[in-house]
Amino acid sequence: MFNKHEKQEALEILNYQIRSCESCSLSSTRKYALTGEGNIDARIMFVALSPGAKEDLNNRMFIGPSGQVFNRLLIAAGIERELVFMTNLVKCMLPNNRKPKMSEIEWCSQFLDEEIALIQPEVIVPLGTYSAQKILQKYHVAELEPQGSITKVEFGKLVILKGQKIYPLFHPASLLYNPSNEADTIEKYKKLKPFL
Ligand code: SF4
């Protein structure tokens, strides 16, 4: 268990490692490797897939179109962005929004593991299929295929695996294509309020 000062120091070291990482080819197309952002004592940790173009350009989490949706969902659900911690499964932008390769997820998820160990959130909220599969695999390898299976992820259902609460939700970007799902998504975000 870390005190706040130790946690901050460990996170700064980790963030330095992320920013200077060249372990996979995404380092050659990114501008920034994005580190996690938010309250280091957060009880809720959101895990998105990767930075978008605007995030890559400005070195900030969730400031592009998906981020605008994310902010809207948080406000509608009464969750202050300053109280949560946000990070990505893959820290560097995926060119042209292509899908991540399994090797990229494997390389990069070591950073996510360390962020989780430092922040120790009460509930992890993976956003989208890739993050959800990786988090579910991390806590419950036996029940998932190595490559994961979309049918195994139940979005909007809280599960507790090895003592860790996990609440997978669709990525906010999905509302850019299916805006009619927004009201239902807000209700799902509201279920996070008791964890604040
Ligand atoms: S995606 Fe992750 S593993 Fe690849 S270069 Fe960026 S930080 Fe390193």
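Structure shown above.
Notes on the structure follow. Keep in mind that what you see is a predicted model, and the values were worked out from it rather than measured.

**Description of the side chain of Asp56**
You can see Asp56 is positioned in helix α2 (residues 53–58). Of the side chains with opposite charge, Arg30 lies nearest to the buried Asp56, which makes no salt bridge, at 6.6 Å. Side-chain polar atoms of Asp56 contact the backbone nitrogen of Lys31, separated by 2.8 Å. Dropping the residues within four chain positions of it, Asp56 is found in contact with Arg30, Lys31, Tyr32, Leu34, Pro51 and Met93.

**Structural notes on the packing of aromatic side chains**
According to the stated counting rule, one finds 5 aromatic pairs in the structure shown. Both rings, one in Phe155 and one in Phe170, keep their centres 4.3 Å apart while their planes meet at 25°; by these two values the pair is stacked. Note that Phe155 is positioned in the loop between α5 (129–139) and β5 (159–161) and Phe170 in the loop between β6 (164–166) and α6 (174–177), a separation of 15 residues in sequence. Look at Phe170 and you get partly exposed, because its relative accessible area is 49%. Through successive ring pairs, a cluster of aromatic residues spans Phe46, Phe62, Phe70 and Tyr189.

**Observations regarding the site of the ligand**
Close contacts around the ligand come from Cys21, Ser23, Cys24, Leu26, Ser27, Arg30, Val90, Lys91, Cys92, Trp107, Cys108 and Phe111, and that covers them all. Among the residues making up the shell around the ligand, the classes are represented as 8 nonpolar, 2 polar and 2 charged.

**Observations concerning the sheet that holds strand β4 (residues 123–126)**
Taken together, 6 strands build an open sheet; the order of strands is β1-β3-β2-β4-β6-β5 and the sheet is mixed. The sheet is open, and its two borders are formed by β1 (37–38) and β5, each paired with just one other strand. The sheet contact formed by β4 and β6 spans 2 bridges and is parallel. The residue bridging Ile124 from the neighbouring strand is Ile166, located in β6.

**Thoughts on unusual backbone geometry**
One non-glycine residue with positive phi stands out, namely Gln120, at about 50°. Checked against the element boundaries, Gln120 lands in the loop between α4 (102–119) and β4. A residue is classified by how much of its surface remains accessible, and Gln120, at 42% relative accessible area, is partly exposed. With phi around 50°, Lys162 is a residue other than glycine that occupies positive phi space. Structurally, Lys162 is set in the loop between β5 and β6. A relative accessible area of 66% means that Lys162 is categorised as exposed.

**Regarding the nonpolar core**
Leu11, Leu89, Ile116, Ile135 and Tyr139 are the most contacted members of the largest nonpolar core, which totals 32 residues. Of all the secondary-structure elements, those providing two or more residues to this core are α1 (4–19), β2 (44–48), α4 and α5.

**Some remarks on the pairing of β4**
Note on strand geometry: in a regular strand, side chains alternate between the two faces of the sheet. By the alternation rule, side chains of β4 split into Val123 and Val125 and Ile124 and Pro126, which are all buried. Direction of pairing for β2 relative to β4: parallel, over a ladder of 4 bridges. Within β4, the position partnered with Val47 by the bridge is Pro126.

**A short note on α5**
The element α5 is extensively covered by neighbouring structure, given that 8 of its 11 residues are classed as buried. The elements touched by buried residues of α5 are β2, α4, β4, β5 and β6.

**With respect to α4**
A turn of α-helix holds 3.6 residues, and therefore any two residues three or four places apart point the same way. Spanning 18 residues, α4 covers 25 Å between terminal C-alpha atoms, matching the ideal 26 Å at 1.5 Å per step. Taking the largest bend as the criterion, α4 deviates by roughly 35°, centred on Cys108. The set of residues buried in α4 consists of Glu104, Ile105, Cys108, Ser109, Phe111, Leu112, Glu115, Ile116, Leu118 and Ile119. In the stretch just after α4, Gln120 is the one whose phi turns positive, near 50°.

**Considerations on the packing of α4 against α5**
Taken N-terminus to C-terminus, the directions of α4 and α5 make an angle of 65°; their axes are 12 Å apart at the nearest point. As judged from the angle between their axes, α4 and α5 are roughly perpendicular. For the pair α4 and α5, the crossing hand works out as right-handed. In contact with Ile105, Glu106, Ser109, Leu112, Asp113 and Ile116 of α4, α5 contributes Tyr130, Lys134, Ile135, Lys138 and Tyr139.

Reading the values: rules and limits
- Residues numbered from 1 in each chain as written.
- Predicted model: local features only at pLDDT ≥ 70, side-chain atom pairs only at ≥ 80, totals over all residues.
- Heavy atoms only, no water.
- Helix = DSSP H or I, 4+ residues; strand = E, 2+ residues; numbered from the N terminus.
- Buried < 20%, exposed > 50% of the residue type's maximum accessible area, 1.4 Å probe, protein only.
- Lys, Arg positive; Asp, Glu negative; His and termini not counted.
- Salt bridge = Lys/Arg side-chain N within 4 Å of Asp/Glu carboxyl O.
- Polar contact = N/O pair within 3.5 Å; in protein donor to acceptor, adjacent residues only side chain to side chain.
- Contact = heavy atoms within 4.5 Å.
- Phe/Tyr/Trp six-rings, centres within 6.5 Å; stacked < 30°, edge-to-face > 60°.
- Near = heavy atom within 4 Å.
- Nonpolar A, V, L, I, M, F, W, Y, C, P; charged D, E, K, R; others polar.
- Pairing = 2+ DSSP bridges.
- Core = buried A, V, L, I, M, F, W, Y, C linked by side-chain atoms within 4.5 Å.
- Expected span 1.5 Å × (residues − 1).
- Bend = angle between axes of the 7 residues up to and from the residue.
- Axes fitted to C-alpha atoms, helices over the stretch in contact; angles between N-to-C directions.
- Parallel < 35°, antiparallel > 145°, perpendicular 65-115°, else oblique.
- Left-handed = near helix turned anticlockwise from the far one by under 90°.

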